[in-house]
Every structure is written in C-alpha cells, then in structure tokens.
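The primary structure of each chain is shown beneath.
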Amino acid sequence: MSRMLIATSLNIFWDQEMSISTDRMLERCAQAGFGGVDYNFCDFDKSMIEQMSGASGPASYFRSVRAKAEALGLRFVQAHGPMFNQFAEPASIADRVALSHDTIRWAAELEVPWIVFHSGTFPGAFDAEHLMALRQRNVDFFASLLRTAEKVGVGIAIENLFDQSAGPACRRRYCATPEELVALIDAIDHPLVGACWDVGHAHLQRLDQTRALRAVGPRLKAVHIQDNDGVTDQHMLPFWGGIDWKELVSALREIGYEGTFCYETHRTFRDLPDALRDDMLRYAVHLGEYLLRQ
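**Q** Quick question: what am I supposed to make of the nonpolar core here?
**A** Burial of nonpolar side chains together is a common tendency in soluble globular proteins. The biggest cluster of nonpolar side chains holds 84 residues, and the ones touching the most others in it are Phe-34, Tyr-39 and Phe-76. In contact with Phe-34, other than residues within four places in its own chain, are Ile-6, Ala-7, Thr-8, Cys-29, Leu-74, Tyr-263, Leu-281, Ala-284 and Val-285.

Take a look at the structure:
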C-alpha cells in the first residue's frame, strides 16, 4: 500500500481564465512529487477543447500532453468524463453524450486506463420495480459508451453518487449505495467496466466505508480521495473534514486495491493565491505518503 502512486486531478488549477498552461500544470505536479495525474473533462465543452487544441485538433493535442507528462515522469492514471443526467430531455443531453464518446477517445490518446462516468436517474419510488428499470436504462446507456471504449481500450469506471437534499425533501440518485453500484456493474458484466469510489460522496451518504468497499471489492478500479464536512461536497484534502482516514486506508488495503491514490481536491486549491499552490501541492504529496504508511 505504501508504494501506491499518489496522483491529483489537474482541475486544481482550472478557472474561467485558464491562465495556466497544461504544460505548466504538469511541471508543477511533477516538481511537487506526484507520480500521476487525472485529466478531468467535466469543466469543458467541445468548443473549449477545440480552442485549447488549436489547428492541430484534439487528438494531436492530447498526444502532446501525454508526451509532456511522460517527459516529466508522470502518468495519466485516470480521467473524468462529462457530468450530466443521461435521462434528462434528449435535446438537452445530445451534445453531452457526443462529448462523452469524444472524451473516451481523447483519454486513449493520454493512455488513460479508466475514465469515470456517473449513472443516470429518473424519478420513481425506488422500489424493486423502479430499481430494475433504472438498472436496465443505465446498462443500455453504458453499453453505448462501451462500443467506443472497446475500440480504443479504455475502461469505464462508474462512480458512486450521493442523495441530494432540497429543503425538507431528499432527491434520491441511483448508485448512491454500494448495492446499486455493484448491481449495475455486474449487470453490464464487461471487463472494461468497474467502479470509482469517491470517498467524499460516501461520507455525505453516511455510509460505513469499510462495509461499502468490501461490497465493491475487486470491481474497484479508481478512487477520488477528498474530504468534506458531511453536509456539502467540498472536495478538500484529507483531515479537513470528517472522514476517518485510518479506517478508509485500512479498507482499501483489506480489499487489495491496486490502483492509484488520486486526489479530487480542487476546492482546497482553487481559492488559494497561485503563489501558495506549490507549497500546498507538496503538502498534499506528503499527506498522501503519510496516509499510505498507516
């Protein structure tokens, strides 16, 4: 466990101005001691990607990004596809579905082994009949993504979500429980489909993380390491919220997780003056090393 690669999502640098180049982001991560990085496509639409890549086009651009990372001793260990509810009105999601297929192809250019996507939810009683319908609709959706994933050899890691509160009501989301996540992955039953466990989401859901991770078991292919106060999805570094990190690391060790210890902690970094980010990056690496020694 102590040799697990420590990585971070590059979205710790991203803002509306995108004033820091991708090359510089990679350089700063390498200088801080990270061994891997996560390319998070959530904050982009296709026009932004095309603007970033210029005349060379996205495929060539991402190949050059991968080459830069390799020269620095970094690996792209995972990625995150667009976030949206697949079962919203078709006209409002068509572009996001198309972008999802694009990001799988771009992830292949980065040599990413697993790209993370969310399941979709439509309203219902969340009884046995509704859960069966949710599972089948999600199976069908991910089967469509798999046709692209199979062509380029990138795995799809489905992320655990959390139920959202709106005033006194609580809006359920499919795959907020390990049972739903496991049932979906097993129904798809494909070697290129596994799980991404977001430990902050599980904390918001008030799950017993050890029990949940035992249920997910060998399906686990990626993690999002982040902390929060149990109320909002804050995406902070460990020990800045309420997660029991000794328990969490012990659970990952118990199930034999062999993936990357990857931070998704953009809220810790984005509000910092840029002059302080490098110190925080080095601290994050040391923090990860400490946790993995426990």
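**Q** Sorry, what's going on with the side chain of Arg-173 here?
**A** Its location among the elements puts Arg-173 in the loop between strand 7 (169–171) and helix 6 (178–188). Despite being buried, Arg-173 has no salt bridge partner; Asp-163 is the closest side chain of opposite charge, sitting 6.0 Å away. Residues in contact with Arg-173, not counting those within four places in the same chain, are Thr-121, Phe-126, Leu-161, Phe-162, Asp-163, Gln-164 and Glu-180.

**Q** When you look at the pattern of salt bridges in this model, what are you seeing that I'm missing?
**A** Pairs can form between side chains of opposite charge once their charged atoms are near each other. Evaluated as defined, the whole model comprises 16 salt bridges. One salt bridge connects Glu-27 with Lys-68, and the closest N-O pair in it is separated by 2.8 Å. Placement of the pair is Glu-27 in helix 1 (residues 22–32) and Lys-68 in helix 3 (residues 58–71), with a sequence separation of 41 residues. By relative accessible area, which is 22% here, Glu-27 ends up partly exposed. Between Asp-163 and Arg-172 there is a salt bridge; the shortest N-O distance is 2.9 Å. The structure contains a network of salt bridges with shared partners spanning Arg-28, Asp-274, Arg-277 and Asp-278.

**Q** So what exactly am I meant to see when it comes to the pairing of strand 1 (residues 6–9) here?
**A** Along any regular strand the residues' side chains alternate between the sheet's two faces. Side-chain alternation along strand 1 places Ile-6 and Thr-8 on one buried face and Ala-7 and Ser-9 on a second face that is also buried. As defined by bridge partners, strand 1 adjoins strand 10 (residues 261–263) across 3 bridges and the pair is classed as parallel. Bridge pairing in strand 10 places Ala-7 opposite Cys-262. Where strand 1 lies against strand 2 (residues 36–40), 3 bridges are found, and the strand directions are parallel. Counterpart to Thr-8 in the pairing with strand 2 is Val-37.

**Q** Just checking my understanding: could you explain helix 5 (residues 128–152) for this structure?
**A** An α-helical turn contains 3.6 residues, so a residue and the one three or four places further along point in the same direction. Between the first and last C-alpha of helix 5 there are 36 Å, a value that for 25 residues agrees with the 36 Å anticipated at 1.5 Å per step. Approximately 30 degrees is the largest bend angle found in helix 5, and it occurs at Leu-145. Among the residues of helix 5, those classed as buried are His-130, Leu-134, Asn-138, Val-139, Phe-141, Phe-142, Ser-144, Leu-145, Leu-146, Thr-148 and Ala-149. In this structure, the buried residues of helix 5 make contact with helix 4 (90–109), strand 4 (114–118), strand 5 (155–159), helix 6 and strand 8 (193–198). Where helix 5 ends, the next residue or the one after it, Gly-153, has phi of about 75 degrees, a positive value.

**Q** Please clarify how the environment of Trp-245 should be interpreted in this entry.
**A** The topology assignment puts Trp-245 in helix 9 (residues 245–254). With 46 residues separating them in the primary sequence, Trp-245 and Leu-291 have C-alpha atoms 7.4 Å apart. When near neighbours in sequence (up to four residues on either side) are disregarded, Trp-245 contacts Val-199, Ile-225, Gln-226, Asp-227, Pro-238, Phe-239 and Leu-291. A polar side-chain atom of Trp-245 sits 2.9 Å from a polar atom in the side chain of Asp-227.

**Q** Please clarify how the environment of Met-132 should be interpreted in this entry.
**A** You can see Met-132 is positioned in helix 5. We classify Met-132 as exposed; its relative accessible area is 51%. The spatial distance from the C-alpha of Met-132 to the C-alpha of Val-116 is 23 Å, given a sequence separation of 16 residues.

**Q** Please explain the packing of helix 4 against helix 5 as it appears in this structure.
**A** How two helices pack is summed up by the angle between their axes together with the distance between the axes. Where helix 4 meets helix 5, the closest approach of the two axes is 9 Å, and the angle between their N-to-C directions is 25 degrees. With respect to their mutual orientation, helix 4 and helix 5 come out roughly parallel. Viewed along their axes, helix 4 and helix 5 form a crossing whose handedness is right-handed. Contacts from Val-97, Ser-100, His-101, Ile-104, Arg-105 and Ala-108 in helix 4 reach Phe-141, Ser-144, Leu-145, Thr-148, Ala-149 and Val-152 in helix 5. Partitioned by chemical class, the residues of the contact of helix 4 with helix 5 number 7 nonpolar, 4 polar and 1 charged.

The rules we used
- Residues numbered from 1 in each chain as written.
- Predicted model: local features only at pLDDT ≥ 70, side-chain atom pairs only at ≥ 80, totals over all residues.
- Heavy atoms only, no water.
- Core = buried A, V, L, I, M, F, W, Y, C linked by side-chain atoms within 4.5 Å.
- Buried < 20%, exposed > 50% of the residue type's maximum accessible area, 1.4 Å probe, protein only.
- Contact = heavy atoms within 4.5 Å.
- Helix = DSSP H or I, 4+ residues; strand = E, 2+ residues; numbered from the N terminus.
- Lys, Arg positive; Asp, Glu negative; His and termini not counted.
- Salt bridge = Lys/Arg side-chain N within 4 Å of Asp/Glu carboxyl O.
- Pairing = 2+ DSSP bridges.
- Expected span 1.5 Å × (residues − 1).
- Bend = angle between axes of the 7 residues up to and from the residue.
- Polar contact = N/O pair within 3.5 Å; in protein donor to acceptor, adjacent residues only side chain to side chain.
- Axes fitted to C-alpha atoms, helices over the stretch in contact; angles between N-to-C directions.
- Parallel < 35°, antiparallel > 145°, perpendicular 65-115°, else oblique.
- Left-handed = near helix turned anticlockwise from the far one by under 90°.
- Nonpolar A, V, L, I, M, F, W, Y, C, P; charged D, E, K, R; others polar.

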